[in-house]
Amino acid sequence: LDILPATNGLDAAVKELENKLAGREKALTKTLAPLREIYEVIVVDCPPGISVLTVNVLVAADALIIPVEASMMSTFALRDLNILIGEINDSGYRAEDLKVVGVLPTKLRANTSTTLVLAELEKHFPVLPGIRQTVRAEEAVAAHKLLQDWSPGSTAADDYRVAAEKVASTLGIG
């Protein structure tokens, strides 16, 4: 397992891509091509929002997991993402359609609003097992620690394990 975290250089790369006219949608695909020989799975974490980086990730990816906070506002943003996925699938940039493994609902709470959000998500995407909102998860973020290191037996850590197992099973890896 190798991890390459984002740095301030990511902003510079995005600006460079924005100024590039030809082939910018496939820049990440070309960069990742030699790594596909080495790694069984490459995970690319994208910031929220739609940008030239998002387009590059969607063109380069074989499968997509969409983390989404369990709020109605988040479901509105997913509509735009769904449209973009359709446009990319129709663009000819990809040999085959992008596989959406599912949305990963986060910050789940036991209330009516969450139930409504999950029902809305299920209309558009497969829904993966969700991640419940916990104090331990918030503490890990504040401490800049991995949840599995900070509180490995917490409810949220267990939820992430279940979701990871579902993703691995869906993709036939592991």
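This section reports on the structure supplied with the text.

Another point: the overall build of the chain. When you go through the chain residue by residue, the secondary structure sums to eight helices and two strands. Put simply, the chain runs from its N terminus to its C terminus through helices and strands in the order α-α-α-β-α-β-α-α-α-α. C-alpha extents for the chain along the principal axes are approximately 50 × 35 × 30 Å. Sorting the 174 residues of the chain into buried and exposed places 32% on the buried side. Taking the contacts inside the chain whose residues are at least 6 apart along the sequence as the reference set, 68% of them involve residues at least 24 apart.

Another point: the pattern of salt bridges. Side chains bearing opposite charge may pair, as long as their charged atoms lie close to each other. If you walk through the whole model with that rule in mind, you get seven salt bridges. One salt bridge in this structure joins arginine 79 and glutamate 120, with 3.1 Å as the shortest N-O distance. Highlighted residues: arginine 79 in helix 4 (residues 72–91) and glutamate 120 in helix 5 (residues 112–124), separated in sequence by 41 residues.

How two helices sit against one another is set out by the angle between their axes and by the gap between those axes. Relative to each other, helix 3 (residues 52–60) and helix 4 sit at 55 degrees, their axes nearing to 10 Å. It follows from the interaxial angle that helix 3 and helix 4 lie oblique. The hand of the helix 3/helix 4 crossing is right-handed. The residues of helix 4 that touch helix 3, namely those facing Thr54, Val55, Leu58 and Val59, are Leu81, Leu84, Ile85 and Ile88. Looking at the contact of helix 3 with helix 4 residue by residue, the class counts come to seven nonpolar, one polar and no charged.

This brings us to a negative patch on the surface. Together, Glu87, Asp90, Glu96 and Asp97 make up a negatively charged patch on the protein surface. Within the fold, aspartate 90 resides in helix 4.

This paragraph deals with the nonpolar core. Among the nonpolar cores identified, the biggest contains 20 residues, and Leu58, Leu64, Ile66, Leu78, Ile85 and Val103 are the most heavily contacted of them. Of all the secondary structure elements, the ones that give two or more residues to this core are helix 3, strand 1 (63–69), helix 4, strand 2 (99–106) and helix 5. Tallying contributions element by element places helix 4 first for this core, with five residues. Aside from chain neighbours lying at most four places away, what touches leucine 64 is Leu58, Ile85, Leu98, Lys99, Val100, Val101 and Gly102.

The buried fraction of strand 2 amounts to seven of the eight residues, a majority that puts the element mostly inside the structure. Judged from the seven bridges that link them, strand 1 and strand 2 form a sheet pairing that is parallel. Across the sheet, leucine 64 pairs through a bridge with valine 100, a residue of strand 2. Running through helix 4, the crossover from strand 1 to the neighbouring parallel element strand 2 is right-handed.

Given 3.6 residues per turn, any residue in an α-helix points the same way as the ones three and four places further on. Those residues of helix 5 that fall on the buried side of the exposure criterion are Thr114, Val117, Glu120 and Leu121. Angular distribution of buried residues about the axis of helix 5 spans 125 degrees; they occupy a single face of the element. Opposite the packed face of helix 5, turned more than 90 degrees from it, sit the exposed residues Thr112, Thr115, Glu122 and Lys123.

Let us now look at the layout of surface pockets. Considering only enclosed or pocket space, the second largest pocket measures out at about 160 Å³ in volume. Lining the second largest pocket are Lys26, Thr29, Arg36, Val59, Ala60, Ala61, Asp62, Tyr93, Arg94, Ala95, Glu96 and Lys99.

Calculation rules
Residues numbered from 1 in each chain as written. Predicted model: local features only at pLDDT ≥ 70, side-chain atom pairs only at ≥ 80, totals over all residues. Heavy atoms only, no water. Helix = DSSP H or I, 4+ residues; strand = E, 2+ residues; numbered from the N terminus. Buried < 20%, exposed > 50% of the residue type's maximum accessible area, 1.4 Å probe, protein only. Contact = heavy atoms within 4.5 Å. Salt bridge = Lys/Arg side-chain N within 4 Å of Asp/Glu carboxyl O. Axes fitted to C-alpha atoms, helices over the stretch in contact; angles between N-to-C directions. Parallel < 35°, antiparallel > 145°, perpendicular 65-115°, else oblique. Left-handed = near helix turned anticlockwise from the far one by under 90°. Nonpolar A, V, L, I, M, F, W, Y, C, P; charged D, E, K, R; others polar. Patch = residues over 30% accessible without salt bridge, like charges linked within 9 Å, V, L, I, M, F, W, Y side chains within 5 Å. Areas by Shrake-Rupley, 256 points an atom, 1.4 Å probe, with all protein chains shown as cover. Lys, Arg positive; Asp, Glu negative; His and termini not counted. Charge placed at Lys NZ, Arg CZ, Asp CG, Glu CD. Core = buried A, V, L, I, M, F, W, Y, C linked by side-chain atoms within 4.5 Å. Pairing = 2+ DSSP bridges. Right-handed = clockwise from strand over helix to strand, strands pointing away. Arc of directions from axis to C-beta. 1 Å grid on protein atoms, 1.4 Å probe; cavity = no way out; pocket = protein on both sides within 12 Å on 5 of 7 lines; lining within 4 Å. Points joined across faces, edges and corners; volume = space filled by probe spheres on them.

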